[in-house]
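Structural overview
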Amino acid sequence: MTSTLAALNEWVDQVSAHTRASQVHWCDGSDAEYRRLVEQMLASGDLLSLNPDTHPDCYLHRSDPNDVARVEHLTFVCTARKEDAGPNNHWMDPAEAHALMNGLFAGCMEGRTLYVVPYCMGPIDSPLSRCGVEITDSAYVAVNMRLMTRMGQAALERIERDGHFVKGLHSTGDLDPDRRYIMHFPEELSIQSFGSGYGGNALLGKKCHALRIASFQARSEGWLAEHMLIVGIENPEGEVRYIAAAFPSACGKTNLAMLIPPEAYREQGWKVWTVGDDICWLHPGEDGRLYAINPEAGFFGVAPGTGDKTNPNALAMLDREAIFTNVATTEDNQPWWEGLDDRTPATDWRGRDFDPRNGPAAHPNSRFTVSIKRCPSYSDQAENAAGVPIDAIIFGGRRATLAPLVMEARDWKHGVLVGGAMASETTAAAIGQVGVVRRDPMAMKPFCGYHFGDYWAHWLSIGNKLTRPPKIFQVNWFRRDAEGRFIWPGFGDNLRVLEWVLARCRDQVGARETAVGLLPEAGDINLDGLAQVPDLDSLLAVDEAGWREEMAAIDGFLKDFEPRVPALMKAELERVRAALG
Ligand code: GTP
Ligand code: SPV
Ligand code: MN
């Protein structure tokens, strides 16, 4: 046995003794294992079967009603020095955090099986991929990790070759919200999560490893770990260009990653190819371009709002081999959520008879888990070990006012300011108030494993390494009119905006210079075939008074990160403020 596997075995023994687990199961990632775990959860009630005729191999999991979203207030980055975690993270001294977690984990797996889940984030043979091992007492976590990562024997073999891995320790504990912590030790490359079985709190390969730990590693290794989708856009000439786009949680990444072009575009031969929907690792290539891989192998997507008009590709992959968490069901036991269709559900997400007085039938943060290979628009480049070259980076937020439909940054450093100053209305993806505008730089507020000031400096340094950097844009699909309705149709029609973005990347279209950035000229966004023509004038207006206030707010926000805010970013802010007058 290699020293790496010996160290892994030793760690498993030590955790098993400390948690007093009844059994240890090493996951091999096989189909047979998946089926056995599902059978066992059907027997225990952790999974419920769904209608096998309409939804073969689909299951429903109802999480504890107190455990339905990420818990940012209980998520910590435990660096040796508090200032390295930055004001963007909750911090705890590593020794204190270890003492706390050791107490919680002591004896917590008595009567339970401890699953050892080796996983690889990224194509199994890519030098850009990174491995981890999650120890968990949740079979639900093990099966979700199987759908969402390269899990099992192949990952274990890669760990042996790599000689290192990220250590993740997870227990659902007793699901008591007062005994729930998601701890990150980036300097030790380890994660400890206790008291939640939900999504980003428990599937440690996802936000904990692939963003918080990976962003910390990426900083010293010269790459970026980002909360971005990756999508290929094929034009009628058959050329495919790749875009990476950051939107905060529940703000449209999954939808944009697999959009179906409007009919007029389809007829001309436009196609869309999905590489990833949530996380993107970006590496400068030898040719001076930026290359992206999707570390994940599956989706953990928002169910509500997914319908045949909004996201038919998602719908097409959800009729078999999918796990649903906290959705409602119909009378004939099909999964259901708001926005799916006009049937009335029979049972709500908690298993009660549906009663509209109890609120939505599906939890607003209800989700589906499914392998990316089931996606009809799955890209043939998704397993490319070198990644795909990125032409454009897009930052998007959910803002009812001010932020225009689309705007281009003048250059990379302006783009870092645009991304760093991003703001968006909060959503149900995290516990807390929904609909409040907060700053969410690069959509990484909940996920950056170190000080935002250092992070922006790192973005600037990556820009310096690129001789052919992607252009940077900001978009907003969520502007509302006086009646509160969305002005822009969104979804498939977002391709109309991406067409302009890609034309800008190839110098095929002009732009209107404004104080805040470059906007499309009237007439340069193709509206052909739209049943209802949206008010582009208001979507593309620059409200200078509003922007002056916005810049003052951004200035105030940046001050929280002093003394680590890069001088270049402050100079950019001053340049925009001067242009606004
Ligand atoms: P996470 O998985 O939490 O990171 O979310 P995400 O960024 O992948 O968001 P997703 O694509 O799942 O969309 C979240 C919600 O926004 C869904 O209810 C969508 O229907 C809705 N949505 C997505 N794109 C658009 C759009 O272009 N316009 C409008 N109005 N709503 C959208
Ligand atoms: C998000 O909240 O951004 C998600 C879902 O993608 S979770 O896996 O819970 O992080
Ligand atoms: Mn996400």
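The preceding data block contains the structure.
What you are looking at is a predicted structure, and each value in this text was computed from that prediction instead of being measured. (Residues numbered from 1 in each chain as written. Chains lettered and ligands numbered in written order. Predicted model: local features only at pLDDT ≥ 70, side-chain atom pairs only at ≥ 80, totals over all residues. Heavy atoms only, no water.)

Helix α5 (residues 139–148) packs onto helix α2 (residues 31–44) with a crossing angle of 145 degrees between their chain directions and a minimal axis gap of 10 Å. The crossing of α2 and α5 is left-handed. Side by side, α2 and α5 meet where D31, Y34, L37, V38, Q40 and M41 of the first sit next to A139, Y140, A142, V143, R146 and L147 of the second. Per-class residue counts for the contact of α2 with α5 are nine nonpolar, one polar and two charged. (Axes fitted to C-alpha atoms, helices over the stretch in contact; angles between N-to-C directions. Helix = DSSP H or I, 4+ residues; strand = E, 2+ residues; numbered from the N terminus. Left-handed = near helix turned anticlockwise from the far one by under 90°. Contact = heavy atoms within 4.5 Å. Nonpolar A, V, L, I, M, F, W, Y, C, P; charged D, E, K, R; others polar.)

Helix α12 (residues 412–420) sits mainly inside the fold: eight of its nine residues count as buried. The set of residues buried in α12 consists of W412, H414, G415, V416, L417, V418, G419 and G420. (Buried < 20%, exposed > 50% of the residue type's maximum accessible area, 1.4 Å probe, protein only.)

Now for the pairing of strand β18 (residues 298–302). Most of β18 sits inside the fold, with four of its five residues counted as buried. Bridge analysis of β18 against strand β22 (residues 367–371) gives five bridges, and the strand direction is antiparallel. Directly across from F299, in β22, lies its bridge partner V370. (Pairing = 2+ DSSP bridges.)

Another point: the state of the cysteines. Taken as a whole, this structure holds zero disulfides when the rule is applied. Take C280: it sits in no disulfide, and the sulfur closest to it among the cysteines is that of C448, at 15 Å. The thiol sulfur of C448 is not disulfide-bonded, and the nearest other cysteine sulfur, from C208, lies at 14 Å. (Disulfide = S-S within 2.5 Å.)

Okay, the coordination of the manganese ion (ligand 3) next. The protein atoms donating to the manganese ion (ligand 3) are K207 (NZ), H227 (NE2) and D278 (OD), with metal-donor distances spanning 2.2 to 2.5 Å. With six donor atoms in place around the manganese ion (ligand 3) and angles of 66 to 173 degrees between them, the coordination shape is irregular. Each donor residue of the manganese ion (ligand 3) belongs to the same chain, with the gaps between them written as K-x19-H-x50-D. Here H227 is found in the loop between β12 (224–226) and β13 (228–234), whereas its partner D278 is found in the loop between β15 (271–276) and β16 (280–284), with 51 residues between them in sequence. Side by side, H227 and D278 carry an identical accessibility label, which is buried. (Donors = N, O, S within 2.8 Å, 3.2 Å for Na, K, Ca; no water. Tetrahedral: all angles 85-135°; square planar, octahedral: opposite > 155°, others 65-115°.)

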